[in-house]
Amino acid sequence: MKHKNVQKNFLGKLKSLKKELLEAFSEDDVRNLAELMSKLAHYHYNKKKYFMIGKEKEIYNFLIKNSYNPYTVYRWILLEKVPEDIRFQIKQKQITQKRAIAIAFKRRHETNETLAESIRDVGLQLIARM
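Residues numbered from 1 in each chain as written. Predicted model: local features only at pLDDT ≥ 70, side-chain atom pairs only at ≥ 80, totals over all residues. Heavy atoms only, no water.

Caption draft 1: A look at the overall build of the protein. Each helix and strand counted, the protein has seven helices and zero strands in total. Order of helices (α) and strands (β) in the protein, N terminus to C terminus: α-α-α-α-α-α-α. A compact globule built from 130 residues would reach a C-alpha radius of gyration of about 14 Å, whereas the protein, at 19 Å, exceeds it by more than 25%. Dimensions of the protein, computed from C-alpha atoms along their principal axes, come out at roughly 60 × 35 × 30 Å. (Helix = DSSP H or I, 4+ residues; strand = E, 2+ residues; numbered from the N terminus. Rg over C-alpha atoms; globule rule 2.2 N^0.38 Å.)

What follows is the structure, given as structure tokens:
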């Protein structure tokens with residue numbers, strides 16, 4: 001059974017991990033960390049479908065050796081990019097990390113047309129409740 005304090009500050013952990021990666025590898029190797037971690041995360045769960053060589057394999061081994069799950073680190077990187085209001089909801093434990101990523105993705109890909117439609121729907125619901 002999980003304890004209540006399992007969810008730590010992911011931003012602090014991510015910052016320390018980035019520092020460790022920069023110490024162990026050159027800046028060129030970890031420049032596009034989100035893309036790299038995406039590859040490593042998918043490799044971690046589907047080793048039969050992917051083939052890793054070179055720096056990617058070294059970084060993967062570094063993460064495993066230091067007890068970091070590549071998929072968890074990838075999720076932290078995605079959470080780092082979410083808006084502040086969503087991040088606040090995560091800290092207040094109102095939403096899960098997985099739900100936060102989904103909401104941020106939806107917001108990023110929302111067009112003006114769909115946004116106007118949702119505002120109209122909310123307005124109609126408000127009027128209907130009166």
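Caption draft 2: Inspection of the packing of aromatic side chains at higher detail. A full pass over the atoms with the stated rule returns five aromatic pairs. Ring geometry for Y45 and Y71: centres 5.8 Å apart, planes at 75°, overall edge-to-face. Here Y45 is found in helix 2 (residues 33–45), whereas its partner Y71 is found in helix 4 (residues 70–80), with 26 residues between them in sequence. Its relative accessible area of 53% is what places Y45 among the exposed residues. Judged by its relative accessible area of 34%, Y71 falls in the partly exposed class. Look at Y71 and Y74: their rings are 6.3 Å apart centre to centre, the planes differ by 65°, and that puts the pair in the edge-to-face class. Of this pair, Y71 and Y74 both sit in helix 4, three residues apart, which is roughly one turn of the helix. Here Y74 falls in the buried class, since its relative accessible area comes to 16%. Here the aromatic residues Y45, Y71 and Y74 are joined through ring pairs into a cluster of three or more. (Phe/Tyr/Trp six-rings, centres within 6.5 Å; stacked < 30°, edge-to-face > 60°. Buried < 20%, exposed > 50% of the residue type's maximum accessible area, 1.4 Å probe, protein only.)

Caption draft 3: Seen up close, the nonpolar core. Residues L21, M37, L40, I59 and V73 are the most contacted members of the largest nonpolar core, which totals 31 residues. Going through the elements one at a time, helix 1 (10–24), helix 2, helix 3 (55–65), helix 4, helix 5 (84–91) and helix 6 (97–108) are the ones with two or more residues in this core. Sort the elements by how many residues they give to this core and helix 2 lands first, with seven residues. (Core = buried A, V, L, I, M, F, W, Y, C linked by side-chain atoms within 4.5 Å.)

Caption draft 4: A look at the pattern of salt bridges. For the structure shown, the criterion picks out six salt bridges. For E56, the salt bridge goes to K39, with nearest N and O atoms at 3.5 Å. Of this pair, E56 sits in helix 3 while K39 sits in helix 2, placing them 17 residues apart in sequence. Judged by its relative accessible area of 38%, K39 falls in the partly exposed class. E84 is the partner of R87 in a salt bridge, and the nearest nitrogen-oxygen pair spans 3.3 Å. Within this pair, R87 and its partner E84 are both found in helix 5, separated by three residues, close to a single helical turn. By relative accessible area, which is 13% here, R87 ends up buried. (Salt bridge = Lys/Arg side-chain N within 4 Å of Asp/Glu carboxyl O.)

Caption draft 5: Region of the structure containing unusual backbone geometry. The residue S67 is not glycine, and still its phi comes out positive at about 60°. Relative to the helices and strands, S67 resides in the loop between helix 3 and helix 4. A relative accessible area of 67% places S67 in the exposed class. Backbone geometry at K93 places phi at a positive 60°, although glycine is not the residue there. Tracing the chain through its elements places K93 in the loop between helix 5 and helix 6.

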